[in-house]
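The chain contents come next:
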Amino acid sequence: MGYPARMQTKIFFLTFDVFKDGYAKLPYSIACLMASIEAHLPTVGVAARSIDLSACRLGDPEETTRAVLKAAKKIILDECWDYSHLAIGVTAWSELYVKALLRFLSQNYSGTVILGGYEITALDEGTIVRDYPGAAFYVKGYAETALIKMLSGGYEGKKKPAVIQEAVTPTHLVSPYLQNSRLTARKVNWETKRGCPFRCGFCEWGNASQKKVIPLAWDRLEQELRVFRSNRVEKINVVDGTFNYNAKNDSQVVAGYDRILRSALELTDAHVNLQTRFEFVADERKETLQFLETCMRHQDRVTLEFGLQTIHPLEMNIIDRNNDLDAVRRAMNLMNERAIDYEVSIIYGIPGQTVTSFLETIEFIVENGCEKIEAYPLRVPKNSKMEQRKRELGVKEGPLDFNIFHTKASFSFTEADHRSMSKFSGALRALNKERSLFDLSTDLSYLVFELNQSGSFKLKEVTEHDRLYFNAPNEKLKDLICGHEELVLSILSSKEGRDIMGAVLGFLSDQTSWLPRFLGDLLEFLMGNAVWHYRDAEGKRYLCQVRISDKGNVYVFKDFLSFQERVGMIHQALF
């Protein structure tokens, strides 16, 4: 491809995205590229448009695809015709559209087409050119340095199509917040270092960074925080692959990230979300404890996000992510002692996984004191070890949201098993939601544990379906509770309900007034000695007891024998 000599050098970025509420309608990565070009090549024109896929969703996948492509073609015809370069981001959710768009571009655009993004980075050169024919350049890895070189004429004599990859020059990492105001919003993505030192088999970070990490200059970070304060930013989502990464156990690096967090909390009023690793919390070094102290002092403004993925060695090996479970336990204990707000993410659909092993991972997290859990379906990255083993592992894939393909079956789980794990995932999201007496519309989440024959409880199900029935010992309680079980539990599990319950059970019931004593006795009965019935999806009825956790979730402890089976066993023993 080429473009007329008279055409001014200008670059247009086109991406396909799904935006979260409150964030700018421009991807952070594209804003970084634009800022870098503007800072180093001020005479080069820069523009960008992003197609919001959620706005194009029409229910039917084919109709959605047509709507997305119609929007993309309109942008190209109306806005890109006089741009010398058109750069398109290729991701798991956009590759379908990009492949279809390349045929249109060959007839309707005369400039230089550039493709980049995670999907390009993951593939080998031959596969890239074969799967995405028609582009002039394919940029692998971080693109700042490659684009500056390209727009400066550095690849003018290079045979096309060309696959290029340039190690990013630190000076080319320009702040999108200081260079322009494109990302002004209530919520912002922010990086303090570029790259990730790890290369997990389920993640594209390692492919992009080649396990190299570039810390960003402190002056830049401080200036950005002052911009956030002036813009009254409400949330800072730190996008570092690992915020608390401590290369070579260098104490100065650790002090650096604690300083960054403290500055973010002192210079802004924003809530800060950080992606962190358990092992770097569990080491209990002086600098780590300083970081935990900062998180504890600001527990209402800091959320730590940890990726556990799985607790099972076979599954860890397949996704190339080993976890030191002793270190995980130590880290969780340190955070629980300090009441630090944190959440743990896991993966379902891992070859080697079963519904039982998935529940065991959830149970491990709950037993160690965390009820904020997010579960995500596994996507097999292109050109990964896992992809090379797909046939061996019996992997079957299918599309979920936005045509992103995920595992849906393997040698260890069926498609029906995957649907069960997906339902559990949906119920886990309800674990994270705070309910209020003033709004009881938020779904309750039930963690159902089953008593096994050895006398211990195992997690059997996580569900949003209410299958609890109160076994009233008298008519008064029957009229009060039966038929209203979900409402009663919603009230008791709400923030206000838990506060009242704690007050009543804690000290009001010790007073002489009959009312606190009555409430105390009632609550103690409901959450203690009362017998409830639980009906499973097949309609079988089980005796159970119910507890409400400190986080407001409902725990159900059920018998392993159904009510009828238990009665039959007793009858057989007696007669």
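Numbers given to residues run from 1 along each chain, matching the order in which its sequence is written. The model is predicted, so local features are restricted to residues of pLDDT at least 70 and side-chain atom pairs to those at 80 or more, both for listing and for counting; the totals for chains, interfaces and linings are taken over all residues. Side-chain numbers come from the whole structure's heavy atoms, not from hydrogens or water.

*Asks:* With reference to specific residues and values, describe the overall build of the protein chain.
*Replies:* Scanning the protein chain from N- to C-terminus turns up 23 helices and 22 strands. When burial is assessed residue by residue, the protein chain has 53% of its 575 residues classed as buried. When contacts within the protein chain are restricted to residue pairs at least 6 apart in sequence, long-range pairs at least 24 apart make up 70% of them. Calculation of accessible area relied on Shrake-Rupley with a 1.4 Å probe; when residues are assessed, cover is drawn exclusively from the protein chains displayed. Accessible surface, the protein chain: about 27,200 Å² in total, of which carbon and sulfur atoms supply 50%. Numbered from the N terminus, helices here are DSSP runs of H or I no shorter than four residues, and strands are runs of E no shorter than two. The classification of residues rests on relative accessible area computed with a 1.4 Å probe and restricted to protein chains. Under 20% of the type maximum is buried, over 50% is exposed, and intermediate values are partly exposed. When checking whether two residues touch, look at their non-hydrogen atoms; a contact exists if any pair is within 4.5 Å.

*Asks:* An account of the environment of F228 is needed here, citing residue identities and associated values.
*Replies:* Looking at the secondary structure, you find F228 in helix 10 (residues 218-230). When the C-alpha positions of F228 and R186 are compared, they lie 9.0 Å apart, and in sequence the two are 42 residues distant. Once residues lying within four places of it in the same chain are set aside, the contact partners of F228 are Y177, V188, W190, V233, I236 and T268.

*Asks:* Talk me through the pairing of strand 4 (residues 112-116); I want residue IDs and the actual numbers.
*Replies:* Most of strand 4 sits out of view: 5 of its 5 residues are buried. Here strand 4 shows no split at all, with T112, I114 and G116 on one side and V113 and L115 on the other all buried. By the criterion used throughout, a crossover qualifies as right-handed when its path from the first strand across the helix to the second strand runs clockwise, the strands pointing away from the viewer. Remark: the strand 3 (residues 85-89)/helix 4 (residues 95-108)/strand 4 crossover connection has right-handed handedness. Two strands make a pair as long as DSSP finds a minimum of two bridges between them. Bridge analysis of strand 4 against strand 5 (residues 137-139) gives 3 bridges, and the strand direction is parallel. Along strand 5, the bridge assignment pairs L115 with Y138.

*Asks:* Describe the layout of surface pockets, with residues and values.
*Replies:* The gaps of empty space that remain are located by a probe, the size of a water molecule, rolled over the atoms. Only protein atoms enter the 1 Å grid used here, on which a cavity is any set of points holding a 1.4 Å probe that cannot leave and a pocket is any open set flanked by protein within 12 Å on both sides along at least five of seven lines; residues with an atom within 4 Å of a point are listed as lining. Grid points are joined across faces, edges and corners, and a volume is the space filled by probe spheres set on the points. Empty space within the second largest pocket amounts to approximately 720 Å³. In terms of lining residues, the second largest pocket is bounded by 29 residues, among which S420, F424, K460, E461 and A537 are the most central. Going through the elements one at a time, helix 16 (355-367), helix 18 (415-431), strand 17 (446-451) and strand 18 (457-463) are the ones with two or more residues in the lining of the second largest pocket. Considering each element in turn, the lining of the second largest pocket owes the most residues, 6 residues, to strand 18. Just so you know the grouping, Ala, Val, Leu, Ile, Met, Phe, Trp, Tyr, Cys and Pro go in nonpolar, Asp, Glu, Lys and Arg go in charged, and all remaining residues, Gly too, go in polar. For the lining of the second largest pocket, the per-class residue count stands at 10 nonpolar, 6 polar and 13 charged.

*Asks:* Go over the sheet that holds strand 4, please, and point to the residues and values.
*Replies:* The 6 strands lie next to each other as 2-1-3-4-5-6, forming an open sheet whose pairing is parallel. The open sheet has two free edges, formed respectively by strand 2 (45-52) and strand 6 (162-164), since each of these has just one partner strand. Along the sheet, successive strands turn relative to each other by an average axial angle of 20°, direction set aside. Alignment of strand 3 against strand 4, held across 5 bridges, turns out to be parallel. Within strand 4, the residue paired with I88 across the bridge is L115. Here the axes come from fitting lines to C-alpha atoms, over the contacting stretch only for helices, and the angles between their N-to-C directions go from 0 to 180 degrees.

*Asks:* Before we move on, could you go through the pattern of salt bridges and cite the residues and values that matter?
*Replies:* Every case where a carboxyl oxygen of Asp or Glu lies within 4 Å of a side-chain nitrogen of Lys or Arg is listed as a salt bridge. With the rule as written, the count across this model stands at 26 salt bridges. Between D82 and K10 there is a salt bridge, with its nearest N and O atoms 3.1 Å apart. Taken together, the residues span a long stretch of sequence, with D82 in the loop between helix 3 (61-79) and strand 3 and K10 in strand 1 (residues 10-17) at a distance of 72 residues. Ionic pairing is found between E38 and R182, a salt bridge with its closest N-O pair at 2.6 Å.

*Asks:* Would you mind going over unusual backbone geometry in detail, with residue names and values included?
*Replies:* Note on backbone geometry: most residues besides glycine have negative phi, and most peptide bonds are trans. The omega torsion across K160 and P161 is 5°, close enough to zero to call that bond cis. Tracing the backbone through its elements, the reader meets P161 in the loop between helix 7 (144-151) and strand 6. With a phi close to 60°, D320 is a non-glycine residue in the positive phi region. Structurally, the position occupied by D320 is in the loop between helix 14 (313-319) and helix 15 (325-337).

*Asks:* Can you break down the sheet that holds strand 21 (residues 541-548) residue by residue, with the values?
*Replies:* An order of 18-17-22-21-20-19 is seen for the 6 strands of this open sheet, with the pairing classed as mixed. What marks the edges here is a single partner per strand, and that holds for strand 18 and strand 19 (468-470). Pairs of neighbouring strands in the sheet enclose a mean axial angle of 35°, with direction left out of account. Taken strand by strand, helix 18 contacts strand 17 and strand 18, and its axis lies near 90° from that of strand 18.

*Asks:* A description of the packing of helix 16 against helix 18 should follow, citing residues and the corresponding values.
*Replies:* Look at helix 16 against helix 18: their axes get within 10 Å of each other, and the N-to-C directions meet at 20°. The angle between helix 16 and helix 18 places the two elements in the roughly parallel class. As helix 16 packs across helix 18, the resulting crossing turns out to be right-handed. Here helix 16 contributes V355, F358, L359 and I362 to the contact with helix 18, which in turn contributes D417, S420, M421, F424 and L428. Grouping the amino acids of the contact of helix 16 with helix 18 by side-chain chemistry returns 7 nonpolar, 1 polar and 1 charged. Between 65 and 115 degrees an angle is taken as roughly perpendicular, under 35 as roughly parallel, over 145 as roughly antiparallel, and anywhere else as oblique. Crossings are assigned a handedness: left-handed for a near helix turned anticlockwise from the far helix by less than a right angle, right-handed for a clockwise turn.

*Asks:* Before we move on, could you go through a nonpolar patch on the surface and cite the residues and values that matter?
*Replies:* Each patch is built from residues lacking any salt bridge and having more than 30% relative accessible area; the joining distance is 9 Å for like charges and 5 Å for nonpolar side chains (Val, Leu, Ile, Met, Phe, Trp, Tyr). Where nonpolar side chains cluster on the molecular surface, the patch consists of L437, F438, L487 and I491 and spans about 410 Å² of accessible area. As for its placement among the helices and strands, L487 is situated in helix 20 (residues 485-493).

*Asks:* An account of the environment of S384 is needed here, citing residue identities and associated values.
*Replies:* Note that S384 resides in the loop between strand 14 (373-377) and helix 17 (385-388). Owing to a relative accessible area of 10%, S384 belongs among the buried residues under this scheme. Separated by 65 residues in the primary sequence, S384 and I319 have C-alpha atoms spaced 9.7 Å apart.

*Asks:* Hey, could you go over the side chain of T463 for me, with residue numbers and the actual values?
*Replies:* Looking at where T463 falls in the secondary structure, it is placed in strand 18. T463 has contacts with A427, L444, S445, Y446 and V448, leaving out every residue within four places of it along the chain.

*Asks:* I'd like a description of the pairing of strand 20 (residues 532-535), backed by residues and values.
*Replies:* By the bridge criterion, 3 bridges tie strand 19 to strand 20 in an arrangement that is antiparallel. Residue L468 lies in a different strand from strand 20, and its bridge partner there is Y534. Across 4 bridges, the pairing between strand 20 and strand 21 is antiparallel. Across the sheet, Y534 pairs through a bridge with Y542, a residue of strand 21. As consecutive antiparallel partners, strand 20 and strand 21 are separated by 5 residues, and within that stretch G539 has a phi angle of approximately 95°, a positive value.

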